[in-house]
Amino acid sequence: MSRISRRPACYAGLLFLLVTFHSPCAEDTQKYEADSLYFPFNSSVMQFDPSAGTLHSYMNTSYFFQSRYSRTGNILWLSARSDDKGENYILILDLEKRSIVKLISGRFSSIAISYPYIVTVSQAFETGKGFLLSVSVIQKNNRVVELLKTHSDFFLSDYETLGDTIVLSGSDSGNKIDCIEAISVKDKSFSTLIKIPKEKGTIKLVKSPESILAYYSTAIEKREKNKAFLIFPKPGRSKEFPYIELAPIATGYDFYGKGCYANGEFIIPAIDVKKKIHFIFLSIREGGSTDRVRRIEAPTGMYTVHDITRNSIIFTGYNYFDSMTDFFIVRLRIDSKNKNQFDIHELIKETQ
Amino acid sequence: MKKNILILLLFYFLFTAGCSIMDQNTSEADIDAQLNADMAKAMDIYAKATTTSDAGLSEEFRKYLADFDGKYGSSLLKDFEAHGLANSRIGGVSDYPPLANLPIDTDGNVYLSGGVKDAVSSIITWVAPNVTRAQYVHGALLDLDKFDPTDLDKPCFQTAVAEGASYETPMQWMTKPNVAVMKPVSGLNQSSLNAAEATMDQYCRGAISTSYGFFKDMVNISSVVTKSDNSLGIEIDSNSPIIDWTTSGLYSIVKAYYASIYFWSPSTAKKKLNQYIDSTRSTLVLAEEIYYSPNMRLTYEAIRY
């Protein structure tokens, strides 16, 4: 039995601590701390100190950030839009210097950034062609070099990178097709890995060291079968991406949102008939059968993962069905001694 | 004799003045085509203003009006600047927090936005007839199949931008100043809706060939952009008398143009102006007409300035 189910009062207390942070501090007073986590939220960059468990606004800007970002050392690679010109940007935030520099700008409907790769999808949808997809690489001097571009009727849903392979999931404008595309940076080539009739929901991707789990994220109370694939990208060999379709997993719950991989397990958010969020822990055998499946009830969904360690996962929590504008910073502690015990441990109130 | 010469001279000056604007032998179709060409420039700037907030557009629009005035002897720039001053109280940049309760739940719902908050607001409010308090100018259709409640940065609102067809994200709509959500009064036929969504680029054939219009070719909501094309199977516009075109900049431009071309016949100028506005009224769908359509029901509205 998990600690949560044994301690409902404690769990309720933790829920009580869920506090929104959509009013960042007016002034940037926080110093850069190498051990802190930094992540974009609306027009601010937030700072979370995992050891002290404190959350601050590190920087307020005139940009409106997208939630996903990439970090290398003291650099954050951010995507944002600006109200001034209606343009989108990829920005470099030097946390130490507290400076933001524009890397590229343009009119995009979607941006995927996973350092050193950038995928942009044009804002305009051209008849008979679709969007213009462009893949670029950031070089050491921060020079952006376009590797390849193509027109495609492709709505980007999710992305992951594994070595020099970028995997994209998406669907078409007419909602007829779901597909997973692989981009080999080495070959500078696109290849369609999976192309299947569209199902309700969107395909999310979660990477492990050797594979990428692709699954349908939906909240339409389907619950018959959580369709999922395990893909094995082979670096530099774009034509060889073996994959297997997994046996039905966690029947009775719909996978719901992007998960992560920690401690040898995929952790996938799921939703039940009452719109409650659960985390499903999956360990998948080499042949594709699920070795272990566990579930814990979670106080909120997993929106953007910021940090994964042996013992914990820190993420922005969000459940659209609870509240459209309430986001939380959440730490999921994983007890490494007994993997059957998990606890949602710290939820931190923003310091005003 | 002297008097006759003076009259002849007067006619000569009037004639040459007229020729300087438009050749005497220019056909009526050419005259209308010239107006459309002049109007297209205005509408191009207008369309950009509805989807971006580039302050440079204001200067571009001023230049357009100055050129127009120089060509046709009108005083539109002065009117526009006076309007801008009157309108300046709604100016100023502000960041609205995401709307807490914007419904994103019904396939085919129409979303309207307005209430621009920046330097180019004067263009939008001057050009278009503005009747609603929220000054709706931009529209989109929710394609619920594309909505991902776990990723508010994923595009699912079918719309259009100056460059053509496009999509916008829930977060973009949640942070717009003013938003209305309109639900068709009668249930939409799903196959019609799917067909409309699949042909979303029907009126947006690239940036080059788009023609002007408040909605036509610029803002595409489910391909319902003209009164004759309603692939949703419902009349989406109201053609409502509430929409007073005479207060719009578009009306002023057309009026000034025909007054200049048909300077010798105010009645012809008036007739051409009325024809133009009647044609516009009967072919283009305004965001505000959708707002007043008897076939659409307002289910949500947020006005934040």
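Every value quoted in this text rests on a predicted model; they were computed, and no experiment measured them.

(A) Region of the structure containing the overall build of chain A. A count of helical and extended segments in chain A gives two helices and 28 strands. Put simply, chain A has 352 residues, and 59% of those count as buried. Excluding contacts between residues fewer than 6 apart, the proportion of contacts in chain A whose partners are at least 24 apart in sequence is 42%. In the form shown here, chain A has an accessible surface area of approximately 14500 Å², with 49% of it arising from carbon and sulfur atoms.

(B) Structural view of the pattern of salt bridges. Counted by the stated rule, this structure contains 15 salt bridges over all chains. A salt bridge links A:Glu146 to A:Lys149; the nearest nitrogen and oxygen atoms lie 3.9 Å apart. Accessibility expressed as a relative area gives 52% for A:Lys149, which makes it exposed. Between B:Glu168 and B:Lys176 there is a salt bridge, with the nearest N and O atoms lying 3.8 Å from each other. Taken individually, B:Glu168 and B:Lys176 each receive the classification buried, so the pair is uniform in this respect.

(C) Structural detail: the environment of A:Phe64. Structurally, A:Phe64 can be placed in strand S4 (residues 63-72). A:Phe64 sits in the buried class, given a relative accessible area of 11%. C-alpha separation for the pair A:Phe64 and A:Asn42, spaced 22 residues apart in sequence, amounts to 5.2 Å. Once you skip the residues sitting within four places of it in the chain, A:Phe64 turns out to touch A:Asn42, A:Ser43, A:Ala80, A:Arg81, B:Pro98, B:Met171 and B:Thr175.

(D) Examining the packing of aromatic side chains more closely. All names here are of chain B. Taken as a whole and judged by the stated rule, the model has 36 aromatic pairs over all chains. Look at Tyr 111 and Trp 173: their rings are 5.9 Å apart centre to centre, the planes differ by 70°, and that puts the pair in the edge-to-face class. One end of the pair, Tyr 111, is in strand S1 (residues 110-114); the other, Trp 173, is in helix H6 (residues 170-174), with 62 residues separating them in the sequence. Tyr 111 gets classed as buried once you look at its relative accessible area, which sits at 0%. By relative accessible area, which is 0% here, Trp 173 ends up buried. Clustering of aromatic rings is evident, with ring pairs tying together Phe 61, Tyr 64, Phe 68, Tyr 72, Phe 80, Trp 126, Tyr 257, Tyr 258, Tyr 262 and Trp 264. Between the NZ or CZ atom of Lys 176 and the centre of the ring of Trp 173, over which it lies, the distance is 4.8 Å.

(E) Structural context of the sheet that holds strand S19 (residues 243-245) of chain A. All names here are of chain A. Read from one edge to the other, the open sheet built from four strands follows the order S16-S17-S18-S19, with strand pairing classed as antiparallel. Of all the strands in the sheet, the pair left with one neighbour each is strand S16 (202-207) and S19. Looking at each pair of strands side by side, their axes are set apart by 20° on average, direction ignored.

(F) Fine view of the pairing of strand S23 (residues 277-284) of chain A. Residue and element names in this part refer to chain A. In terms of burial, S23 is a largely internal element, eight of the eight residues being buried. Note: strand S22 (residues 265-271) against S23, six bridges, orientation antiparallel. Bridging across to S23, Ile 267 finds its partner in Phe 281. The hairpin turn running from S22 into S23, its antiparallel successor, is five residues long, and Lys 275 in that turn takes a positive phi close to 65°. Here eight bridges tie S23 to strand S24 (residues 290-298), and the two strands are oriented antiparallel to one another. From the neighbouring strand, Ile 280 faces S24, where its bridge partner is Arg 295.

(G) Looking closely at the sheet that holds strand S1 (residues 37-41) of chain A. All names here are of chain A. If you trace the three strands from one edge of the open sheet to the other, you get S1-S2-S3, paired in antiparallel fashion. Of all strands in the sheet, those with a lone pairing partner are S1 and strand S3 (54-60), marking the two edges. Taking each pair of neighbouring strands and ignoring which way they run, the sheet shows an average axis angle of 30°. Bridge analysis of S1 against strand S2 (residues 44-49) gives five bridges, and the strand direction is antiparallel. Across the sheet, Phe 39 pairs through a bridge with Met 46, a residue of S2.

(H) Spotlight on the nonpolar core. Ranked by internal contacts, the top residues of the largest apolar core, which has 63 residues, are A:Ile267, A:Phe279, B:Leu102, B:Ile104 and B:Tyr111. Ranked by the residues each element gives to this core, the list is headed by strand S27 (residues 327-334) of chain A, at six residues. Ignoring anything within four residues of it in the chain, the contact list for A:Phe279 reads A:Ile267, A:Ile268, A:Pro269, A:Arg294, A:Arg295, A:Ile296, A:Ala298, A:Thr300, A:Met302, A:Phe315 and A:Leu332. Core analysis: the second largest hydrophobic core is formed by 39 residues, B:Leu65, B:Ala128, B:Tyr258 and B:Tyr262 among them.

(I) Layout of the packing of helix H3 (residues 56-72) of chain B against helix H8 (residues 249-261) of chain B. Residues and elements named next belong to chain B. Two numbers describe how H3 lies on H8: the axes approach to 10 Å, and their chain directions differ by 20°. Relative to H8, the element H3 lies roughly parallel. Here H3 runs over H8; the crossing is left-handed. Residues Tyr 64, Phe 68 and Tyr 72 of H3 pack against Ile 253, Ala 256, Tyr 257, Ser 260 and Ile 261 of H8.

(J) Region of interest: unusual backbone geometry. Residues and elements named next belong to chain A. Cis geometry marks the peptide bond from Tyr 115 to Pro 116; its omega dihedral reads 10°. By secondary structure assignment, the location of Pro 116 is in the loop between strand S8 (108-114) and strand S9 (117-122). A positive phi angle, near 65°, is found at Asn 142, a position not held by glycine. Despite not being glycine, Asn 263 has its phi angle at roughly 50°, a positive value.

About the criteria used
Residue numbers run consecutively from 1 along every chain, following the written order of its sequence. The lettering of chains begins at A and the numbering of ligands begins at 1, in the order of writing. For this predicted model, a pLDDT threshold of at least 70 governs which residues receive local features, and a threshold of 80 or more governs which side-chain atom pairs are given and counted, while totals over whole chains, interfaces and linings are taken from all residues. In computing side-chain values, all of the structure's heavy atoms are included and hydrogens and water are not. Put simply, DSSP marks the helices as runs of H or I at least four residues long and the strands as runs of E at least two long, and each gets a number from the N terminus on. Throughout this description, buried means an accessible area under 20% of the type-specific maximum (1.4 Å probe, protein chains only), exposed means over 50%, and partly exposed covers the range between. In this description, contact between two residues means that some pair of their heavy atoms is separated by no more than 4.5 Å. The method behind every accessible area is Shrake-Rupley, applied with a 1.4 Å probe, and residues are considered shielded solely by the protein chains displayed. When a carboxyl oxygen of Asp or Glu is within 4 Å of a side-chain nitrogen of Lys or Arg, the pair counts as a salt bridge. Only Phe, Tyr and Trp rings take part, Trp by its six-membered ring, and two of them pair if their centres are within 6.5 Å. Stacked means planes under 30 degrees apart, edge-to-face means over 60, and tilted covers everything else. To sit over a ring, a charge needs its Lys NZ or Arg CZ within 6 Å of the ring centre and within 35 degrees of the ring normal. Two strands form a pair only when DSSP identifies at least two bridges running between them. An axis is simply a line fitted to the C-alpha atoms; with a helix, the fit covers only the stretch in contact. Between two such axes, the angle follows the N-to-C directions and lies from 0 to 180 degrees. Throughout this description, the term nonpolar core refers to a set of buried Ala, Val, Leu, Ile, Met, Phe, Trp, Tyr and Cys residues connected via side-chain atoms within 4.5 Å. Note on angle classes: values under 35 degrees are labelled roughly parallel, values over 145 roughly antiparallel, values of 65 to 115 roughly perpendicular, and the remainder oblique. When the near helix sits turned anticlockwise from the far one by under a right angle, the crossing is termed left-handed; a clockwise turn instead gives a right-handed crossing.

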